[in-house]
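Architecture at a glance
Read off the chains here:
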Amino acid sequence: MKLRRHQGSRKVDLDYAASVVELLEQVGGFTDLSNPSIAEVVRNAVARYAADPTAEFECIVDNPGLANWRLRPGRNEPGRVRLACYRYQETQADVERVRRVDAALEQIRRS
């Protein structure tokens, strides 16, 4: 899917957010996002941030009681997101998951 950034383009923001949620479920293994209600919450949060990148942003994408995995503002492009691990002791698998998901998120940003 080709996404072009136009300031204030709600459709582009929603398309980007939907792509992020799909990627998190399929590439990141966040299976809770297969629940439509949970997916909608994350999709809406990402779309709101995409529409207003000056706003504060953080979105938990795993068990809220643990909150080990969160979406945070991307480092290179306002309005885009990255995955961050907040586990007390990150494992090598956690590091690889972040790399894999962030690489896929970068592909969405470039398309």
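Keep in mind it's a predicted model, so treat the numbers as computed, not measured. (Residues numbered from 1 in each chain as written. Predicted model: local features only at pLDDT ≥ 70, side-chain atom pairs only at ≥ 80, totals over all residues. Heavy atoms only, no water.)

Now for the pairing of strand S2 (residues 69-73). Looking at chain direction, strand S1 (residues 59-60) and S2 are connected through two bridges and run antiparallel. In the sheet register, Ile60 faces S2, and the bridge partner there is Arg70. Relative to strand S3 (residues 81-85), S2 is paired through five bridges, and the arrangement is antiparallel. For Trp69, the partnering residue across the bridge sits in S3 and is Cys85. (Pairing = 2+ DSSP bridges. Helix = DSSP H or I, 4+ residues; strand = E, 2+ residues; numbered from the N terminus.)

This part is about the packing of helix H1 (residues 10-26) against helix H3 (residues 92-110). Where H1 meets H3, the closest approach of the two axes is 10 Å, and the angle between their N-to-C directions is 155°. Overall, the two elements H1 and H3 adopt an arrangement that is roughly antiparallel. Like other packed secondary-structure pairs, H1 and H3 cross with a definite hand, here right-handed. On H3, the residues that touch Tyr16, Ser19, Val20, Leu23 and Leu24 of H1 are Val101, Ala104, Leu105 and Ile108. A per-class count over the contact of H1 with H3 returns eight nonpolar, one polar and no charged. (Axes fitted to C-alpha atoms, helices over the stretch in contact; angles between N-to-C directions. Parallel < 35°, antiparallel > 145°, perpendicular 65-115°, else oblique. Left-handed = near helix turned anticlockwise from the far one by under 90°. Contact = heavy atoms within 4.5 Å. Nonpolar A, V, L, I, M, F, W, Y, C, P; charged D, E, K, R; others polar.)

Over its 16 residues, helix H2 (residues 36-51) extends 22 Å from the first C-alpha to the last, a length consistent with the 22 Å expected when each residue adds 1.5 Å. Along H2, the residues that are buried comprise Ala39, Val42, Ala45, Val46, Ala47, Tyr49 and Ala50. Where the residues of H2 are buried, they touch H1, S1, S2 and S3. Among the residues of H2, the N-terminal cap falls to Asn35, whose side-chain oxygen and the backbone nitrogen of Ser37 are separated by 2.8 Å. (Expected span 1.5 Å × (residues − 1). Buried < 20%, exposed > 50% of the residue type's maximum accessible area, 1.4 Å probe, protein only. Polar contact = N/O pair within 3.5 Å; in protein donor to acceptor, adjacent residues only side chain to side chain.)

Let's shift gears to unusual backbone geometry. In this structure, Ala67 takes a positive phi of about 55° despite not being glycine. With respect to the element layout, Ala67 can be found in the loop between S1 and S2. Taking the relative accessible area as the measure of exposure, Ala67 reaches 7% and is therefore buried.

The strand order across the open sheet built from three strands is S1-S2-S3, with neighbouring strands paired in antiparallel fashion. Each edge of the open sheet carries a strand with a single partner, namely S1 and S3. H3 contacts S2 and S3 of the sheet and is inclined by roughly 175° relative to S3.

Okay, the side chain of Arg70 next. Looking at the secondary structure, you find Arg70 in strand S2. On the basis of relative accessibility, which here comes to 17%, the residue Arg70 falls in the buried class. At a separation of 3.0 Å, a polar atom in the side chain of Arg70 contacts the main-chain carbonyl oxygen of Ala67. Apart from the residues lying within four places of it in its own chain, the contact partners of Arg70 are Glu58, Cys59, Ile60, Val61, Arg82, Leu83, Ala84 and Tyr86.

Glancing now at the nonpolar core. Counting 28 residues, the largest nonpolar core has Val46 and Leu71 as the members making the most contacts within it. Contributing elements (two or more residues each) for this core: H1, H2, S2, S3 and H3. Every residue in contact with Leu71, bar those within four places of it in the chain, is listed here: Val20, Leu24, Val42, Val46, Phe57, Glu58, Cys59, Val61, Val81, Arg82 and Leu83. (Core = buried A, V, L, I, M, F, W, Y, C linked by side-chain atoms within 4.5 Å.)

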